[in-house]
Structures are given as structure tokens and as C-alpha cells.
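Close look at the chain arrangement
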Amino acid sequence: MFLALSEMRRAKVRFGLLAGAVGLLVFLILFQQALLTGLVNQFIGALKNQSADVLVYNAQARKNLEGSIVLPDQATAIAAVEGVAVAAPLGEGTFTVLAGDEEQDAVIFGYELGGPGAPTTLIEGRLPEADGEAVASSRNAADGFDIGDTVTVVPNPGGTATTFTVVGLAEEINYSVAPTLFTDFAGYETARRAVNPDATQVLPSVIAVRVVDGADPTVVADAITAAVDGTEGLTRQQAVDESPGVASVRQSFSVILLLFYLVVPLVTGLFFLIVTFQKAGALTLLRAIGSPAGPLVRSLLIQVVAVVLSGAVLATGLFWLASLGGGGGLGITVEPMPVLATTLVVLVLALLTSLAAVRRVLRIDPIAATTGAGVQV
Amino acid sequence: MSSSNPSDSSAHSGAAVLATGPALRLDGVRKVYGTGENAIVAVDHASLTVDGGEIVALLGPSGSGKTTLLSIAGGLLAATEGTVVVGGEDISGHSPRELTEFRRSKVGFVFQSVNLVPFLTAEENLLVVSELAGARGTVRKQARARAKELLAELGLSHRAGNLPAQLSGGERQRVAIGRALFNSPALVLFDEPTSALDTKIGEQVMELIQSEMRSRGTAAVIVTHDTRMTHYADRTVRIVDGVLGLGDAAGDDH
Ligand SMILES: Nc1ncnc2c1ncn2[C@@H]1O[C@H](COP(=O)(O)OP(=O)(O)O)[C@@H](O)[C@H]1O
Ligand SMILES: [Mg+2]
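Calculation rules
Residues numbered from 1 in each chain as written. Chains lettered and ligands numbered in written order. Predicted model: local features only at pLDDT ≥ 70, side-chain atom pairs only at ≥ 80, totals over all residues. Heavy atoms only, no water. Helix = DSSP H or I, 4+ residues; strand = E, 2+ residues; numbered from the N terminus. Rg over C-alpha atoms; globule rule 2.2 N^0.38 Å. Buried < 20%, exposed > 50% of the residue type's maximum accessible area, 1.4 Å probe, protein only. Contact = heavy atoms within 4.5 Å. Areas by Shrake-Rupley, 256 points an atom, 1.4 Å probe, with all protein chains shown as cover. Lys, Arg positive; Asp, Glu negative; His and termini not counted. Charge placed at Lys NZ, Arg CZ, Asp CG, Glu CD. Arc of directions from axis to C-beta. Domains from an automatic or database assignment. Buried area = accessible area lost by both parts, 1.4 Å probe. Salt bridge = Lys/Arg side-chain N within 4 Å of Asp/Glu carboxyl O. Pairing = 2+ DSSP bridges. Nonpolar A, V, L, I, M, F, W, Y, C, P; charged D, E, K, R; others polar.

**Describing the overall build of chain A**
Assigned secondary structure in chain A consists of 12 helices and 10 strands. Here chain A has a C-alpha radius of gyration of 29 Å; the compact-globule value for 377 residues is 21 Å, and the former is much larger. Along the three orthogonal principal directions, the C-alpha set of chain A runs to about 95 × 50 × 30 Å. A total of 377 residues make up chain A; the buried ones form 50% of that total. Within chain A, residue pairs in contact and separated by at least 24 positions form 76% of the contacts whose partners lie at least 6 positions apart. Summing over all exposed atoms, chain A offers an accessible surface of approximately 16200 Å²; the carbon and sulfur share of this is 60%. Taking the average place of the 20 positive charges on the side chains of chain A and the average place of its 32 negative ones, the gap between the two points comes to 27 Å.

Shown next, in the form of C-alpha cells:
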């Protein structure tokens, strides 16, 4: 403690710069992770924050909601699988809508009122109770999707315009990074017919399943896949994780994150190795006048921990400032768990890379003090 | 061998010889660096006894084995052959761990070049090893008091909070002496303590070493290649090509 702190106190700039660099890098990690979470939420928040335990896709849709259609026979068969308490249609589609005096693309989910597939993160207003009512994503409230606003599906020739009134706002229920509405299935049907007047029947994209109390959604999902030809049951979490867009976004981010996670410990490891080389004379002297190697190693590790923790504190401060700015509309929030977990991972990695410096300390031969060379590699 | 032991010289002058036996006894010490064709015999069958409180100058040209001999006496280097007894403790067979403990508690060393930790103040340089060895509570308090006392004795109280870079060469050497005396050793080893200083400062440092050793009854071996410095010692031992020989009593300059 004594040696570690004395040295840092007398080399404030050097250690301060390292802590600053670590802080910036950890901040970038935190920011990237939050960005990823925000982005993923914009892609599939609607799947994550709806009430169905299991979603049953058409097996050919490759877990993509846009490409999935479930036939009536399949829907009937799904309802009969053991462990299924309720099976209800869930429709999804992208429509051109008029909202806030502007034509824009929006995603509309249609679910059976009171059944599975309802948004679970309502923060204002209420869920739809009648035809023509919808819950919108709070993220788009300012773009013409606030409570009381009306959203009109622009019909194709021959179709009839249909209008929804926003009666509630829910958090993180966007899909495909578009403004998103949840309405009843009948409303979704009307919207479909507005753009496709010749449709004889509007089929659900997936079947939303609520499992019986105590049943394991994974088991039920697998049972459905096995029992009903041409379908693929996924738990809510699987539907989120295996969603095609999400997987590729996660992959690109994980490469960047991995780099950052590697750079931080490399920077600290290299720094401490250089510092250890620079003060080899002093360390050799200390060994020569009777200091065991252990306390010298401990002193080094104390410095690693001190630098990483100071960096983490700085990073958290920066992250907090960034969250005040809203992180470019991505709704970045400071949560203790990711900050702590990131700090811990960085700390462990930094301690691992500082083993190079530790090894250097352990290899000091006190006899070098008599020659003044100090450095013996 | 004992007949040629320089310690048999009767030239011992004013130092208080402690009744506890010799501060250092080297017996048939040999040090060979390297092996085979490249082997260098740095010290050859050296025997030397330094009595308690005695100050011995070890005089020899560059490369004659002075530092090697001092390192062996100080527990920094293991002899190839022979016995090394410091303050009654036979360190010849000590493990590295035991040698570390020995250096921390039984012997003082002033090295030729690096003697102070650059990022510690004068006072911290005295305390650092006891701190690293885990001094707590009263031990720590006593250590701090001792550091202050030593610095005061060495006329460095006003420099206690200064870093080595802020001290003059003579002051740095005085701090190094304080550091070597910190653990109250029976023997302090000095490797060319004045080589980096100009003559006047060098003489002051030698005077200080002499008076500090005398007042404590601490024995010292002072390595030098400068005959002008040997009169500060009770006795001079010469070394040439690793072989010890008798020197003139109390230096060569009179
Ligand atoms: N680590 C070493 N390896 C090989 N030879 C050494 C080593 N240290 C010293 N020597 C050799 O041993 C001899 C004595 O060296 P040293 O004790 O440093 O002499 P001095 O201190 O009198 O100048 C010299 O010839 C030197 O080159
Ligand atoms: Mg030498």
C-alpha cells in the first residue's frame, strides 16, 4: 500500500493519464453496450415486451415475423398441444400511415384483446379495449403517436382507409426500428384489407401462446414444433435472440466490443510493464536491502486495481453525462449491473495482462543492485 | 590460511570491539563466475575477519573482486566455496528467502550507484523496507521515530520530506547511510561510497561514516580504490585479482 500509493502520488500525471485512457475506453464499452441494447430494443422490443410465452412461426419463415403465416389448421393443432393454455392469432405488418400530418411507415401488431401478445410495458394510458384503439411505442409519441393522436392507414386503390386512436403508450415495443402500434386482431385485419382489398382471408403471422401454469415454455415450444407440421415454436427469449436482424447487429457489435475489451487490458498491461522496467533500479534496490518479492508484486497489483477502478468511476461519470443527452434518441440509461459487470471484466483482464509486469518483478535478481545495472532481462 | 588472515593484524585502533565476536568472518571464500573456458575466478580463497566495531578498508583496482566479496558478505551473492559468518550467523547455506530476511535485519549496504528509491522521500527511503515487510502498530511507530532520529543525527531533518532528486550528492549519500543503519546492523558494507562525489564532499562523507560507525560500535567494510580514503579505516586490506593481502595499518597515506 505504502509503496503503491507513494509512487502514484508522485507520478500523478502518468497514472492519471492511464486512468483517463482506461476511463475513456470503459466509457466507450458502456456506451456501445447501451447502444446495442437500445438498437436491439428498436428491432425487436415488440417481441420482448409482449405477453405470449411462446410464439409459433411458420417453419419456412426462418424465425422472421415478416415472412411468417400460420394456417388455420395449424392454429387449431397448436391449441391442442399439451401445455398450451391459450393460443391466439398475432398479426404483424408494415403499413404506410398518416400520423402527425406526415406519411410514414409504421408496424402494426394485431393481437386478441385479453389474450397473449399484448404489450407488457404500458407506461401511460391503457390497452385497447375496442376496435380502432391502439397502444403506441412511447419512443414515437412526439411523431404523431401520442395518446389522443389518430393514425390512418393509407389504403391502396380500392381499399378503405382505416384509422386508429392511440389510447396508451408502452416502452420499448418498436419493431424493425419503425413506429409501432398494438391493436386488436380485427383492427389488424382491417388494415390488411385497406392495402390488399382482394384478400379473402387475413391469416395471423404467428400464433401467440400462453402456457399452462407451471409449464416450461421451452418444453412447450419444442412440443409444438414436433407436433404441428410446418411450424416452429420459439419462446419469447428465443424469438428475440434468434430474430435475423438482431443476430447480425449483435455480431457486428460484439466484434467492436471484443476489440475494446482487449485494448483496455493491453494498454494497462503494457503501461505497467514499461513502468516496471523504468523503475527496475528501485525494485532491485528494494530486493537487495531485504524486501521480499511478494510486497512488490502486491504493490503493483494495487496500482492496477486503483487505475482500473478510477477509470471505471470516470467512465460511469461520462456515461451518465451521455445518458442525460439521451444518447442520440437511443434512450441510453445508466444501470448499475452492466457498469459493475463491465468493470469487473476489465479489471480481471487488466490483472491478467499485468502478469507480464509481475513476472518481471519476480525475476529481479537483487545482486544487480551491486552493479547498478538494475535491469536484467 | 589463518596465518595470512589480515584480521590478525594488530593494527586495530580506536573502535570499540564488542564482546560478541567478529562482525564478519569469511573463511576460504571463492567465487567463480561462469563455467568451463569462460570461468572467471573473481574471489580466490579469501579469508577475512572483521571484529565488532572495526572499520576495514578494502582497497584494490577495478575488477579485482571488491564488489563480489562485498556482495558475498552482504548475502546478495552465494560463494562458490567457503564459509560466510555475519554477526554469528552462518549464511553460507541460506536459501534465497533466508538471505532476504538476513539482508533486511542483519546487515547494511550502501551500493555504488542506486541507493534510493526515486519516488520516495528521504524519510520514506529509510522506512520502505520495514513498511514492505509489513510493519504495523507499535513497530511502525517505532520505525517512524527511528527514521526521524537517524535523519536528525545525519543533519537531514530539514530534508526528510524531499525526494532524492531534490537532494545534493552528499545529502543523498547521507540518506543512503541512514538507510543502511536503519535496521541497527552489526556490519555495514560500503561499495565505493565516495566515487561519485568530489574530494571535499567525499571526505565529509567518509568522516560521517567513520563517526557514525564509531558512535554505534558498528563494524564496516569500505570498498575503495582511492588510497586517500583508507586513513578513515582502522585497517586496510588489499585485494588484487581476487586475492586478499595485507595492507598498511590505518591507510596508506602515512
Ligand atoms: N556477474 C558476473 N559475471 C561474470 N563475471 C563477473 C560478474 N561480476 C563480476 N565479474 C568479474 O569478476 C571480476 C571482479 O569483479 P568485481 O567484483 O565487480 O570487481 P571490482 O568491484 O573490484 O571492480 C571482474 O573480472 C569482473 O569482470
Ligand atoms: Mg566494484
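**Side note on helix H2 (residues 96–105) of chain B**
For H2 of chain B, the complete set of buried residues consists of Leu99, Thr100, Phe102 and Arg103 of chain B. The arc enclosing the buried residues of H2 of chain B, seen along the axis, measures out at 165 degrees, which places them on a common side. In this structure, the buried residues of H2 of chain B make contact with helix H8 (280–288) of chain A together with helix H1 (66–73), strand E4 (81–86), strand E5 (89–90) and strand E6 (107–110) of chain B.

**Some details on the domain arrangement of chain A**
One frequent convention defines the size of an interface as the accessible area lost when the parts assemble. All names here are of chain A. Annotation of chain A at the domain level lists domain 1 (2–43 + 246–370) and domain 2 (46–242). With 10 residues of domain 1 at the contact, the number on the domain 2 side is nine residues. Summed over both sides, the interface of domain 1 with domain 2 buries roughly 860 Å², with 41% coming from carbon and sulfur. Of all residues in domain 1, Asn41, Gln42 and Phe43 bury the most surface against domain 2, accounting for 66% of the area lost on that side. Taken together, the links from domain 1 to domain 2 amount to one salt bridge. Put simply, Arg250 and Asp241 hold a salt bridge, and the shortest N to O gap is 3.3 Å.

**Notes on the sheet that holds E4 of chain B**
Residue and element names in this part refer to chain B. With respect to topology, four strands assemble into an open sheet ordered E2-E1-E4-E5, the strand pairing being antiparallel. Each having just a single partner strand, strand E2 (40–50) and E5 make up the two edges of the open sheet. Bridging between strand E1 (residues 24–33) and E4 involves five bridges; their strand directions are antiparallel. Its bridge partner being in E4, Leu26 is matched across the sheet by Val84.

**So, the interface of chain A and chain B**
Listed per partner, the contact involves 25 residues of chain A and 26 residues of chain B. Here chain A and chain B share an interface that buries about 2300 Å² over both sides, 73% of which is from carbon and sulfur atoms. Counting across the interface, chain A meets chain B through two salt bridges. Residue Glu124 of chain B pairs with Arg10 of chain A through a salt bridge whose shortest N-O separation is 2.4 Å. Where the side of chain A that touches chain B is concerned, the elements lending two or more residues are helix H1 (2–10), H8, helix H9 (293–324) and helix H12 (368–371) of chain A. Across the side of chain A that touches chain B, the residue classes tally to 13 nonpolar, seven polar and five charged.

**Some points on H8 of chain A**
Residues and elements named next belong to chain A. When you tally the buried positions in H8, you get eight out of nine residues, the bulk of the element. Considered for burial, the residues of H8 that qualify are Ala280, Ala282, Leu283, Thr284, Leu285, Leu286, Arg287 and Ala288. Just past H8, the residue Gly290 takes up positive phi, approximately 105 degrees.

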